[in-house]
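# Chains, contacts and geometry: an overview
Given next are the chains, with one letter for each unit.
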Amino acid sequence: MRHVISLLIENESGALSRVSGLFSARGYNIESLTAAPTEDASLSRITIVTAGSDDIIEQITKQLNKLVDVVKVLDLSETAHIERELLLAKVCATGPAREEMKRLGDIFRARIIDVTEATYVIELTGNQAKLDAFIGAIDPALILETVRSGICGIARGDRVLKV
Amino acid sequence: MVLTGAEILIRCLQEEKVEYVFGYPGGAVLYLYDALFQQDDIRHILVRHEQAAIHAADGYARSTQKVGVALVTSGPGATNAVTGIATAYCDSIPLVVISGQTPTPTIGQDAFQEVDTVGITRPCTKHNFLVRDVKDLAITLKKAFYLAASGRPGPVLVDIPKDVSIARCEFNYPREIAMRSYNPVIQGNVGQIKKAMQVLRAAHRPLIYFGGGVILSNAANELTHLARLLGVPVINTLMGLGGYPASDRQYLGMPGMHGTYEANMAMHYSDVLLAVGARFDDRVIGNVDHFASATRKIIHIDIDPASISKRVKVDLPIVGNVRDVLIEMIHRFESRPSSGGESIAEWWTQIESWRARKCLDYKLSPELIKPQFVIQKLWEVTQGEAIVASDVGQHQMWAAQYYRFERPRRWLNSGGLGTMGVGLPYAMGAQLAHPEAQVACVTGEGSIQMNIQELSTCSQYRLPIKICLLNNRYLGMVRQWQQMFHGQRYSGSYMDSLPDFVKLAESYGHVGIRVDKPADVESALREAFTQHRNELVFLDFQIDRSENVYPMIQGGKGLTEMILSSEDL
């Protein structure tokens, strides 16, 4: 089962490697991992997308909690939540593809944020499935480069992950 | 008061009442050593290899419950320390390891004797720190001692760059420390404890299985008290030896790969298993699926939630400090005692029939010294009161099986990591902590040579350790597996070109005694512990080369699938 785990960790050097090292040392799967400081600069928030049986996910959350720098852990998958990922795609925009890319972007509510005579850079946010669908809809020959941020997640409603 | 980083370190160690620092100097720690030189409260013990510094600090911690402290230099000093740190980590031993680092401006530039110590030790420490600013030094050391000793204990490393050790700042040692990210649970959940007591009272085949957590939380008395109130059988892991008196009728010995027949059978067939500070290690329960094939309710008390339901699904978890939880259980039992005795009478009958197989009996030989016999004589001569530091291998298992530990913190060994070479430095740490105690190092000719240089440290500090070498000229445990499971192809397990250990010991200024005949075992031990009471004695027992450790559960097999003697092969 796929799980999205969010955690707050002391924003110290090496904090990220404690988390990633735990996953590699114990053989846990990481599908994506994002990290950035929060509005409180002393804390970083990390979102990890992982997969495993219930037993493994239980161990992952326990082992994360055991890391001395980790302040809080929340398995977002246990609750109603929102996931978003950012995609930047550099595509060919010449000939008929120039208009086609624009139309496709509109359908997915993407934005073109850089334009040259031959290329667009398209920005798209959404859940993983939407980003996958967008990439799937483009002729692979037209894709020059893509970059994805990995998942950010937040719980719906009153539930907050905060110190 | 404005002090240098080096002076701050010393003041912090003094504030923490550190008696001994085990270490080895080098370029990056010169200022630290200079500050150490200029005070008298803390004694520095100069080892001969950094691995031994960590093991000695570890042996000190195991035998006292205090935090062990070691000091090593950067680069090779730190990498030599890694095995020691990992050993302590696997057995949850509280250590603070101070490592020197190259000056901060040189970090990342491949400076002389630079390694990423914090990176290398990250997976084998409870936590570690690189101190980049002298202003952070005192608080970091306070955190290090707090983290090492609290919760599930473990080693904490503090890496101090050379420029930080000479930089100056105002010194203030914090009295208290609070970390928002670290709050170990101490008291167990009362609801869970109540449920556990109900389950235990209703059990027909209850069993207490405990491990190193009982030793670490100083709960031997509470565990013994609870076991006697309940009248149930008790088994313990290698790390738990001494947590329950071995002479007691309720004690069945150690379960697992080289556990007793009665302990393994009881573990398998119990209907309620109270696991206390133990972690269902692969060497204890054998094959997980086989273990799960018998149904039983498992209650698990542990301070580390991650140890619960890790290998074996637990029905009733109780997260908390073992001692606090046991006190609460005793209190609840005493306020509403139940007879319980009759309902488990049948279980005891069954257990006594298992015990009657006398699985630890062995045949004495008039010509060949049996290793089990040496350990039994060691027990007799020391009246069961010695601190026994063991190395890793067959001798370790014989010591665990035949030295009947009555009290905690008398048995020091590397249970989790299985580090050969720990024995002598463990004995050093224990002897320094307990100058009057009889300290024996039970070892093999493979293990002792992994830290034999420490014989020099022992002469420098006049440590009257008694080394009992069970010498079979084989890496015995490897040889035993090769004999049983690898077609008797003794690949790399033969020990050729051994030194004359008697002369070797003498060359370091110690006493060496070689023992070839069973009839001389006891007299040699008596001579060592009486006549040479104040000297290190190296006893080289030439034992039966073919002796194996029994009972044995082959890797991947279940608890009931024991090999009880060579006749079962």
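Above this note sits the structure.
These notes cover the structure that comes with them.

What counts and how
Residues numbered from 1 in each chain as written. Chains lettered and ligands numbered in written order. Predicted model: local features only at pLDDT ≥ 70, side-chain atom pairs only at ≥ 80, totals over all residues. Heavy atoms only, no water. 1 Å grid on protein atoms, 1.4 Å probe; cavity = no way out; pocket = protein on both sides within 12 Å on 5 of 7 lines; lining within 4 Å. Points joined across faces, edges and corners; volume = space filled by probe spheres on them. Helix = DSSP H or I, 4+ residues; strand = E, 2+ residues; numbered from the N terminus. Nonpolar A, V, L, I, M, F, W, Y, C, P; charged D, E, K, R; others polar. Buried < 20%, exposed > 50% of the residue type's maximum accessible area, 1.4 Å probe, protein only. Phe/Tyr/Trp six-rings, centres within 6.5 Å; stacked < 30°, edge-to-face > 60°. Lys NZ or Arg CZ within 6 Å of the ring centre and 35° of its normal.

## Quick word on empty space enclosed by the protein
All names here are of chain B.
- Scanning the model with the defined rule gives three cavities of 30 Å³ or more in all.
- Within this model, the largest cavity holds a volume of roughly 150 Å³.
- Along the walls of the largest cavity sit 14 residues, with Arg62, Ile93, Ile215, Met239 and Trp411 positioned nearest its centre.
- Counting residues per element, the ones that place at least two in the lining of the largest cavity are helix 9 (212–216) and strand 15 (411–412).
- Take the lining of the largest cavity: its biggest share by element is three residues, from helix 9.
- Among the residues forming the lining of the largest cavity, the class breakdown is eight nonpolar, two polar and four charged.

## Section: the layout of surface pockets
- Reported here for the second largest pocket is a volume of approximately 1,200 Å³.
- Lining the second largest pocket are 41 residues, with Gln63(A), Lys66(A), Leu67(A), Tyr89(B) and Asp304(B) positioned closest to its centre.
- Among the residues forming the lining of the second largest pocket, the class breakdown is 17 nonpolar, 13 polar and eleven charged.

## Concerning helix 10 (residues 220–230) of chain B
- All of the buried residues in helix 10 of chain B are Ala220(B), Glu222(B), Leu223(B), Thr224(B), Leu226(B), Ala227(B) and Leu230(B).
- Positive backbone phi, approximately 70°, marks Gly231(B), located one or two places after helix 10 of chain B.

## Some points on the packing of aromatic side chains
Residue and element names in this part refer to chain B.
- Taken as a whole and judged by the stated rule, the model has 19 aromatic pairs over all chains.
- When the ring of Tyr269 is compared with that of Trp354, the centres are 6.0 Å apart and the planes differ by 25°; the resulting orientation is stacked. Separated by 85 residues along the polypeptide, Tyr269 in helix 11 (residues 261–269) and Trp354 in helix 15 (residues 345–355) bring together distant segments of the chain.
- Consider the rings of Tyr403 and Phe405, whose centres lie 4.9 Å apart with planes at 40°: the pair is tilted. Of the two residues examined, Tyr403 and Phe405, each falls in the buried class.
- In this structure an aromatic cluster arises from ring pairing among Tyr20, Phe22 and Tyr60.
- The ring of Trp348 has Arg249 sitting right over it, with the charged end atom 4.5 Å from the ring centre.
- Between the NZ or CZ atom of Arg357 and the centre of the ring of Tyr261, over which it lies, the distance is 4.5 Å.

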